[in-house]
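Commentary on secondary and tertiary structure
Here are the chains, one letter per residue:
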Amino acid sequence: MKKILFAASEAVPFIKTGGLADVAGTLPKNFDKEKYDVRVMLPKYMCMKEQWKEKLAYHSHFYMDLGWRTQYVGVLETKYDGITFYFIDNEYYFNGFTPYGDMYADIEKFAFFSKAVLSALPVINFRPDIIHCHDWQTGLVPIFLDNFRYSNEYYRGIKTIMTIHNLKFQGTWDTKRVRDITGLPQYYFAPDKLEAYKDANYLKGGIVYADRITTVSNSYAEEIKMPFYGEKLDGLMRARSNCLSGIVNGIDYEDFNPETDQYIEKNYNVESFRKEKVKNKAALQRQLNLEEDPKKMMIGIVSRLTDQKGFDLVAYIMDELCQDAVQIVVLGTGEERYENMFRHFEWKYQGKVSANIFYSEELSHRVYASCDAFLMPSLFEPCGLSQLMSLRYGTVPIVRETGGLKDTVEAYNEYERTGTGFSFVNYNAHEMLGTIRYAERIYYDKKRDWNKIVERGMEMDFSWKNSAKQYEELYDDM
Ligand code: ADP
Ligand code: GLC
């Protein structure tokens, strides 16, 4: 039996700010349970819902040095869907209204978490063969592990994987402070180790010290070796390319299933969508005060409202797009300028645009189920889960050909009658608008072809099955 520990800063259903939570929360249960004992370790955030906090049982606690500080480390645990989740407790570090946001605090918070993950292993009596780290928040785990090995036999032989969900966020701060916080020897603060461009860089440290590096799609694994996507670490990615691979994400096919989804008006599947899916659209039009016309093409967006997702392109053509026979439904939060941009267009095009600037699991399912098309024109996209959710619900993705979007959405070819969505190459607002308008034409004028696109999308398999197999192979290989 191979023992694997996921170390992550978020996981569904406990705490979520983005796709990382979906991955860390739902991938573990998809491994072959006879061969792999996969457990997950998370911070115990005060901002977790009561409903989940109540379920955590006290396991033990101890005190840990972090630089010159000595800190309390509580360990709690719970089982969910057959998987053991451990929670690292410290009310000083994990007390915010959101899991993160303020870099100054986050830098110390995740140094604490990363060291606590390792220090807790003997306490919970689970010595993993592999620690599978996710994103910059756990970048210091491989470094602390390297440091621990010298003085403590227990840690020798434990391997690490660093999975990059987003290279843009690296966790950097000046070396002096990070030295002070972590108490790590000067040795690590060098340009071939934890340091990048004179600062300490958690993700870089993780990438240098991990035994293997993965990212969440093949295309992104290639892209980050180039300056445009490399976020100034492309040289390092090239240098480590023999240890770097891409494994595309899946989604939970039970949580996201139009046949059984409790949140949506009318359940449907690949046989019945032609008749039933539209009832969801009608219900959503009523709910959101949009013009009630089930024939109108509805385009959905469910997203963090940030630069990454291509909203400057959307802002640029919104007026033009709103001249067309379309409705636009947005669900998302993020940068104020994009939140206000969508609020503005809702006000300007009442009955046509609906801006829902909040977070709602329920509404997200209703959008995936109700819309005809889903827009995701990302500047970069390590994998993207929203387009997979759309495909699952028969909602045709319109995407830019980058990262995971390129790997999971096949462009419609009207001559060969293939493809599951629409895509464009260049980061250009009118190229995007042209693609949306092409989709409109197929939707209105070639309904049979449109429905075939929907059908092919729904027949794709982006459950975790295939990806979990690839992670198993990687674990075996190490
Ligand atoms: P990222 O991780 O970059 O934000 P992904 O596409 O991988 O992008 O994952 C985003 C996840 O967050 C999806 O599960 C999506 O449905 C969800 N999501 C984003 N914004 C909201 C929101 N406002 N309400 C509900 N779910 C949201
Ligand atoms: C990141 C990426 C997204 C990916 C998710 C889960 O948030 O932005 O593309 O799907 O992580 O891996």
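Throughout what follows, the structure given in this document is the object of discussion. (Residues numbered from 1 in each chain as written. Chains lettered and ligands numbered in written order. Predicted model: local features only at pLDDT ≥ 70, side-chain atom pairs only at ≥ 80, totals over all residues. Heavy atoms only, no water.)

**Looking at the site of ligand 2**
Looking at ligand 2, there are 14 residues lining it, with H165, N249, E381, C383 and G384 nearest. The separation between an oxygen atom of ligand 2 and a polar main-chain atom of C383 is 3.0 Å. Burial of ligand 2 by the protein amounts to 93% of the accessible area it has alone, namely 310 Å². Counting residues per element, the shell around ligand 2 draws most heavily on helix α1 (residues 19-26), at 3 residues. Taken together, the residues that form the shell around ligand 2 break down as 6 nonpolar, 6 polar and 2 charged. (Near = heavy atom within 4 Å. Polar contact = N/O pair within 3.5 Å; in protein donor to acceptor, adjacent residues only side chain to side chain. Areas by Shrake-Rupley, 256 points an atom, 1.4 Å probe, with all protein chains shown as cover. Helix = DSSP H or I, 4+ residues; strand = E, 2+ residues; numbered from the N terminus. Nonpolar A, V, L, I, M, F, W, Y, C, P; charged D, E, K, R; others polar.)

**With respect to the packing of aromatic side chains**
In the structure shown here, the tally under the stated rule is 35 aromatic pairs. An angle of 55° between the planes, with centres 6.2 Å apart, marks the rings of Y36 and Y475 as tilted. Of this pair, Y36 sits in strand β2 (residues 36-43) while Y475 sits in helix α18 (residues 465-477), placing them 439 residues apart in sequence. Each member of the pair Y36 and Y475 is classed as buried. Ring geometry for F110 and W136: centres 5.5 Å apart, planes at 80°, overall edge-to-face. Of this pair, F110 sits in helix α3 (residues 103-124) while W136 sits in the loop between β6 (130-134) and α4 (140-151), and the two are 26 residues apart along the sequence. Residue classification places F110 among the buried residues on the basis of a relative accessible area of 0%. Residue placement shows R127 over the ring face of Y154; its charged tip is 5.9 Å from the ring centre. (Phe/Tyr/Trp six-rings, centres within 6.5 Å; stacked < 30°, edge-to-face > 60°. Buried < 20%, exposed > 50% of the residue type's maximum accessible area, 1.4 Å probe, protein only. Lys NZ or Arg CZ within 6 Å of the ring centre and 35° of its normal.)

**Some thoughts on the pairing of strand β7 (residues 159-164)**
Of all the 6 residues making up β7, 5 are buried; the element is thus mostly covered by neighbouring parts of the structure. In the classification by handedness, the crossover that spans β6, the intervening α4 and the parallel β7 is right-handed. Two elements, β7 and strand β11 (residues 212-215), share 4 bridges in a ladder whose sense is parallel. If you follow M162 over to β11, its bridge partner there is I213. (Right-handed = clockwise from strand over helix to strand, strands pointing away. Pairing = 2+ DSSP bridges.)

**Considerations on the state of the cysteines**
Here, the word disulfide means a covalent bond between the sulfur atoms of two cysteines. This structure, assessed with the given rule, holds 0 disulfides. C243 carries a free sulfur, and the closest cysteine sulfur to it, the one in C133, is 15 Å from it. Cysteine C322 remains unbridged, with the sulfur of C371 as its closest cysteine sulfur at 14 Å. When its relative accessible area of 5% is taken as the criterion, C322 is described as buried. (Disulfide = S-S within 2.5 Å.)

**Some points on the sheet that holds strand β18 (residues 422-424)**
Read from one edge to the other, the open sheet built from 6 strands follows the order β15-β14-β13-β16-β17-β18, with strand pairing classed as parallel. The strands lining the two open edges of the sheet, one partner per strand, are β15 (353-356) and β18. Put simply, the sheet's adjacent strands are angled 15° from each other on average, direction ignored. Note that strand β16 (residues 373-376) and strand β17 (residues 396-400) share 4 bridges and pair parallel. Residue pairing for β17: L375 is matched across the bridge by I398. Contacts between helix α12 (residues 336-348) and the sheet are confined to β13 (297-305), β14 (326-334) and β15, with β15 contributing the most and set at about 145° to the helix. Its contacts with the sheet place helix α13 (residues 361-370) against β13, β14, β15 and β16, and it is angled at close to 145° to β13. (Axes fitted to C-alpha atoms, helices over the stretch in contact; angles between N-to-C directions. Contact = heavy atoms within 4.5 Å.)

**Quick look at the nonpolar core**
Core analysis: the largest hydrophobic core is formed by 91 residues, its most contacted members being F31, I88, F112, L118, I207 and Y475. Of the residues forming this core, the biggest block, 11 residues, is contributed by α3. Not counting residues within four places of it along the chain, the set of residues in contact with I88 comprises M41, L42, P43, K44, V73, G74, V75, F94, F112, F113, A116 and A120. Core analysis: the second largest hydrophobic core is formed by 69 residues, Y349, I398, A429 and I436 among them. (Core = buried A, V, L, I, M, F, W, Y, C linked by side-chain atoms within 4.5 Å.)

**What to know about α1**
Within α1, 7 of the 8 residues are buried, leaving the element largely enclosed by the surrounding structure. Turning to α1, its buried residues number three or more, namely L20, A21, D22, V23, A24, G25 and T26.

**With respect to the pattern of salt bridges**
Under the definition given, this model contains 28 salt bridges. Between D32 and K35 there is a salt bridge; the shortest N-O distance is 3.8 Å. Given a relative accessible area of 29%, D32 falls into the partly exposed group. By relative accessible area, which is 49% here, K35 ends up partly exposed. Of the charged contacts, one joins K452 and E455 as a salt bridge, the two residues approaching to 3.2 Å between their closest N and O atoms. Taken as a pair, K452 and E455 lie in helix α17 (residues 447-459) at a separation of 3 residues, close to a single helical turn. (Salt bridge = Lys/Arg side-chain N within 4 Å of Asp/Glu carboxyl O.)

**A few points about the site of ligand 1**
Of all residues adjacent to ligand 1, which total 22 residues, the nearest are G19, R304, K309, Y368 and L385. Here ligand 1 has 560 Å² of accessible area as a free molecule, and 92% of this is covered by the chains. Among the secondary structure elements, those contributing two or more residues to the shell around ligand 1 are α1, β13, β14, α13 and α14 (386-392). Tallying contributions element by element places β13 first for the shell around ligand 1, with 3 residues. Residue composition of the shell around ligand 1, by class: 8 nonpolar, 9 polar and 5 charged.

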